[in-house]
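# Overview (structure and organization)
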Amino acid sequence: HVSLGNLHASEEKWDGAISRYQTSIGLDMSSVIAQMPIATALQASGRLEEAVSQYRRVIELSVSHVTAHFNLATALDSLGRHDEAAAAYQATLKINPNFTDAHLNLGAHHQRLRHFARALDHYDAALKIDPDSARAHFNRALVLLSQGNWSAAWPDFQWRHKIDGFPVRTFAQPQWTGEDIGDRTLLLHSEQGLGDTLQFVRYVSLVGRRAARIVLLVQPELVPVLRQSGFSDVFGDQRELPHFDVQASLMSLLAIFAATPENVPAEIPYLAADPKLIETWHDRLHVVSGFKVGICWQGAASQMSDPLRSAPLDAFEPLAAIEGVRLVSLQKGDGEEQLSQIGQRFSVHELGHDWDEAAGPFMDTAAVMKNLDLVITVDSAVAHLAGGLGVPCWVVLGALADWRWLEERDDSPWYPTMRLFRQTELGDWADVFARVAAQLGQLVDKR
């Protein structure tokens, strides 16, 4: 019966697998061989609460069953019961101190809690067991980056390219490592999200001192605004690239130029809006009186970190209540549907359905930003566009903010015109937006 269940499981036919495993348990309640497979099948099929109970039964039968302890921990993590998961990872390591994945996951637990020293201990332990663990290297880098210890982080940061499924482009041409290449052509290509490209394209000016010609391959959505900003040879389709000799990803430039919080190139602006569109939107926004605040509440839903960084539109309601403030929506795509859900509770001016269409993505957004008094946004591409344009911008960060925002700072070395507001508790947007509203009220009063 277990073997038949395994056959079903190998084809991801979970109902059939679970049925066979249940039959096997009925034949021998005390057999771990019968009890363990149903737990893994329940977990694989998304029945996590049942899987947790089943793993606990296995542990009752065999207290030293290391896989049961580890799988129990991963199921608890998936349920958001992180403290219980951490205890299960600890139990795993008591049985087998060399269980690499338990060290990695426990390190990630401490990293979420900002217990950085403990996180590093576990990543270092994982690397002693497996020096080629790409996850251990990369996670270790993220901790060091969050702490501001960037110089120590860059060697580990490069291991991201070896993580299965990591969104990185590959080319036959050799990797550029920072040497002067004379009249040869260098391809710089985007990596990860739109905001990453907008943030790190600033390094092109430094690269230009070591390469005669630079070709940029970026997400198609960013081609118009980067061309408008003076970047030449910008492409959104790999098939259209001209000949190039060497290549590097934009995020690898951080290691090549030994970036630190003290030396990042922060000459603002390095992005630009179309002057004609600025004038057009000046006229169109004339109907919006008062202190105009552009808002964006959600990043791309496809990003794994989006639930931690995006706020509901409702969270912005205290800002709309400030006398003289008019909110203007900069939300495009994911999250835009929330505008129809706020009813009459507060007002948000919408730019219409044609913005960022005719001129291209982000072109109207950039021009609108130049006509606003302030931009308030979550951690998204809108934040990096505002920062690169040099417009005043307040970024509202979740408690588990990305490394680039560092720790316990309300300013950013990347963007001189930016101010940061941080959650104090995960998921509590009310507190941070109350602080934003208080500061906004004072700013409007001064104006």
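Read on for an overview of the structure.

Cut-offs applied
Residues numbered from 1 in each chain as written. Predicted model: local features only at pLDDT ≥ 70, side-chain atom pairs only at ≥ 80, totals over all residues. Heavy atoms only, no water. Helix = DSSP H or I, 4+ residues; strand = E, 2+ residues; numbered from the N terminus. Buried < 20%, exposed > 50% of the residue type's maximum accessible area, 1.4 Å probe, protein only. Phe/Tyr/Trp six-rings, centres within 6.5 Å; stacked < 30°, edge-to-face > 60°. Axes fitted to C-alpha atoms, helices over the stretch in contact; angles between N-to-C directions. Parallel < 35°, antiparallel > 145°, perpendicular 65-115°, else oblique. Left-handed = near helix turned anticlockwise from the far one by under 90°. Contact = heavy atoms within 4.5 Å. Nonpolar A, V, L, I, M, F, W, Y, C, P; charged D, E, K, R; others polar.

## So, unusual backbone geometry
The omega torsion of the bond from I268 to P269 falls at 0 degrees, within 30 degrees of zero and hence cis. Tracing the sequence through the fold places P269 in the loop between α14 (253-256) and α15 (275-284). A positive phi angle, near 55 degrees, is found at E12, a position not held by glycine. Tracing the sequence through the fold places E12 in the loop between α1 (2-10) and α2 (14-27). Take E12: its relative accessible area is 59%, and that puts it in the exposed class.

## Some remarks on the packing of aromatic side chains
This structure, assessed with the given rule, holds 17 aromatic pairs. The interplanar angle of 65 degrees and the centroid separation of 6.1 Å between the aromatic rings of W150 and W154 together place this pair among those described as edge-to-face. Here W154 and W150 lie together in helix α10 (residues 150-157), a separation of four residues that amounts to about one turn. Each of the two residues, W150 as well as W154, counts as buried. With a centroid separation of 5.6 Å and an interplanar angle of 85 degrees, the aromatic rings of W150 and W403 are classed as edge-to-face. With W150 in helix α10 and W403 in the loop between β9 (393-397) and β10 (418-422), this residue pair connects regions lying 253 residues apart in the sequence. Assessed through its relative accessible area of 1%, W150 is described here as buried.

## Notes on the packing of helix α3 (residues 32-44) against helix α5 (residues 66-78)
With their axes 11 Å apart at the nearest point, α3 and α5 run at an angle of 20 degrees to one another. By the angle class used here, α3 and α5 are roughly parallel. Crossing geometry of α3 relative to α5 is assigned as left-handed. Along the contact surface, α3 presents M36, T40 and Q43, while α5 presents T67, A68, N71, T74 and A75. Of the residues contributing to the contact of α3 with α5, the split by class is three nonpolar, five polar and no charged.

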